[in-house]
Amino acid sequence: MRIAYHFTIPRPPLPELDAAIQDALRLQTRFPGELNFLYPVKKASRLVPRFLCGLHQWSNLAILDRQVDLHHLYSNEFYPYPILNRLQKPIVYTIVASLKEGRCPLLYRLWNSMERIFRFVRKADLIFVTSNERDGQILSRWGVKQPVVVPPGIDLTKFSYSQESGEYSVTSKFVLLAGSAPWSLAQFKTKGVELLLEAVQAIPNLHLILLWRGVLFEEIQRRVQQQNLADRVEIINHHVEVNQLLARVHATVVLSKSPYLIKAYPHSLLESLGAGKPIIISDGLAMSDYVKKTACGEVVSEFTLTDFVAKLEHLRQNYLAYQQTVRQLDLQQFSIENLVNSYGEIYEVARTRYMRD
């Protein structure tokens, strides 16, 4: 079976550092096919409307459609990209980021009322996939028929529990790891980078490690230098052995003002749990439900320095208890094997429907 993996983002300088692309690369080992980036320009911009994705590839997509068995689209939002109507082979549509409860998109209502234009919505071979039950239920309430839930997958064999050097104390250095770097200048605020730098300024023994991915690297360097934080903020902008990095930290954080900006279950947080380290996450992200259920970290309810510092301090005060809880988690649902096998079943269903019709 040959798959075309499509992404609605610009091609990153280091694609293998993006969580959604990581999932596709793992699937690619069993289901070969090329990665295709539908975004019409090289850099993300608010001035580029989503409906333009893929239109510049109009002719090439028709050729690609004849060469593959099906298409797998990764999108941050639930959006009816017009280019999908160009494709005749089955489509597996994975919604990467979290959805917002109670907000049925106008464009989805158009899908239902404009069947002649968006015929692909009515096809039996269009399958929607989300990473969690919360978003699956939201899709069902919006009218999506039988959305499938597939948790993200990480290589659990690469992660092992490690004890930080020295005895833990709330007065000693506390190291926080942050992933999900921004794609644009606006995301320095909306993805919590500015807030994290403010927290480092406010807490003298807090140290921060930022995992970067090539975009706006000079900008984050400039900001760290400008705020005189170079001695307590480390920026990693290259490949790194994540398990070894996690051995240096106490916890991992992902913040976002909007659920659409970040993967619903960020890989950096799953990897942190795999290494026995608790996590901090914004309430709007779907993984916050898992954190609340398992008590494996703290959930930041308000996107403010006051709330973040309060949650961080609570984690620090109770760190050993959090760490013990994390190390008792069963993470097998987040294994690569589960990811690949689950999508393999979805691909087979999509192809069978297409062949039957």
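All chains use their own residue numbering, which begins from 1 and follows the written sequence. Only residues with pLDDT of at least 70 get local features here, since the model is predicted, and only at 80 or more are side-chain atom pairs given and counted; chain-wide, interface and lining totals rely on the full set of residues. Note: side-chain values were computed over all heavy atoms of the structure, leaving out hydrogens and water.

A short note on the sheet that holds strand β7 (residues 174-178)
Pairing between two strands requires that DSSP report at least two bridges joining them. Strands here mean DSSP runs of E at least two residues long; helices mean DSSP runs of H or I at least four residues long; both are numbered from the N terminus. An order of β9-β8-β7-β10-β11-β12 is seen for the six strands of this open sheet, with the pairing classed as parallel. Each edge of the sheet is formed by a strand with only one pairing partner; in this case those strands are β9 (233-236) and β12 (297-300). On average, each strand axis in the sheet is tilted by 20° relative to the strand beside it, whichever way the strands run. Pairs of residues are marked as contacts when any of their non-hydrogen atoms sit within 4.5 Å. For helices, the axis comes from a line fit to the C-alpha atoms of the stretch in contact; other axes are also lines fit to C-alpha atoms, and the angle between any two N-to-C directions lies between 0 and 180 degrees. Sheet strands in contact with helix α10 (residues 287-294) are β11 (279-282) and β12, and its direction is about 135° off that of β11.

As for the packing of helix α1 (residues 19-28) against helix α13 (residues 336-356)
In contact at an axis separation of 10 Å, α1 and α13 are set at 75° when each is read in the N-to-C sense. The angle between the axes of α1 and α13 places the two elements in the roughly perpendicular class. On α13, the residues that touch D23, R26 and L27 of α1 are I336, L339, V340, Y343 and Y347. Only Asp, Glu, Lys and Arg are considered charged, only Ala, Val, Leu, Ile, Met, Phe, Trp, Tyr, Cys and Pro nonpolar, and every remaining residue, Gly among them, polar. A class-by-class count of the residues in the contact of α1 with α13 yields six nonpolar, no polar and two charged. Roughly parallel here means an angle under 35 degrees, roughly antiparallel means over 145, roughly perpendicular means 65 to 115, and every remaining angle is called oblique.

Some points on helix α9 (residues 267-274)
Of all eight residues in α9, eight are buried, a share of seventy percent or more. Within α9 the residues assigned to the buried category are H267, S268, L269, L270, E271, S272, L273 and G274. Where α9 is buried, its residues meet α1, α8 (242-246), β10 (251-254), β11, α10 and α12 (319-326). Working definition: with a 1.4 Å probe on protein chains only, accessible area under 20% of the residue-type maximum means buried, over 50% means exposed, and in between means partly exposed.

With respect to empty space enclosed by the protein
Lining residues are those with an atom within 4 Å of a point, where the points come from a 1 Å grid over the protein atoms alone and group into cavities, where a 1.4 Å probe fits but cannot get out, or pockets, open sets with protein on both sides within 12 Å along at least five of seven lines. Grid points are joined across faces, edges and corners, and a volume is the space filled by probe spheres set on the points. Under the definition given, this model contains three cavities of 30 Å³ or more. In this structure, the largest cavity occupies an estimated 100 Å³ of space. Lining the largest cavity are 14 residues, with D23, T94, S131, K263 and Y343 sitting closest to its centre. Of all the secondary structure elements, the ones that give two or more residues to the lining of the largest cavity are α1, β4 (91-95) and α13. As for the second largest cavity, its lining consists of 14 residues, of which A178, G179, S180, V193 and L196 are closest to the centre.

Observations concerning the sheet that holds strand β5 (residues 126-130)
As summarised here, the arrangement of the six strands in space is β2-β1-β3-β4-β5-β6, forming an open sheet in which the pairing is parallel. Strands at the two margins of the open sheet, each flanked by one partner only, are β2 (35-37) and β6 (148-149). Taken together, the two bridges between β5 and β6 define a ladder with parallel strand orientation. If you follow T130 over to β6, its bridge partner there is V149. Lying over the sheet, α1 contacts β1 (3-7), β2 and β3 (70-75), oriented at roughly 175° with respect to β1.

Considering the side chain of D65
Mapped onto the fold, D65 is located in helix α2 (residues 58-67). For the buried D65, no salt bridge is present, and the opposite-charge side chain at shortest range is K89, 5.4 Å distant. Among the polar contacts made by the side chain of D65, one reaches the side chain of H71 at a distance of 2.7 Å. Those residues in contact with D65, other than ones at most four positions away along the chain, are H71, L87, Q88 and K89. Just so you know, the count uses Lys and Arg for positive and Asp and Glu for negative, and it drops His and the chain ends. A carboxyl oxygen of Asp or Glu within 4 Å of a side-chain nitrogen of Lys or Arg is what we treat as a salt bridge. Here a polar contact means two N or O atoms within 3.5 Å. Within protein one must be a hydrogen donor candidate and the other an acceptor candidate, and residues neighboring in sequence count only if both atoms are side-chain atoms.

Some thoughts on the pattern of salt bridges
On inspection of all chains with the given rule, the structure shows 12 salt bridges. Across the pair R223 and E219 runs a salt bridge whose closest N-O atoms are separated by 2.7 Å. Taken together, the residues R223 and E219, both in helix α7 (residues 217-226) and four residues apart, mark about one turn of the helix. Using a relative accessible area of 16% as the deciding quantity, one classes E219 as buried. One salt bridge in this structure joins R316 and E313, with 3.0 Å as the shortest N-O distance. One end of the pair is R316 and the other is E313, both in helix α11 (residues 305-317) and three residues apart, which spans about a single turn. Under the relative-accessibility criterion, E313 is labelled partly exposed at 25%. Put simply, E194, E219, R222 and R223 are held in one network by salt bridges that share partners.

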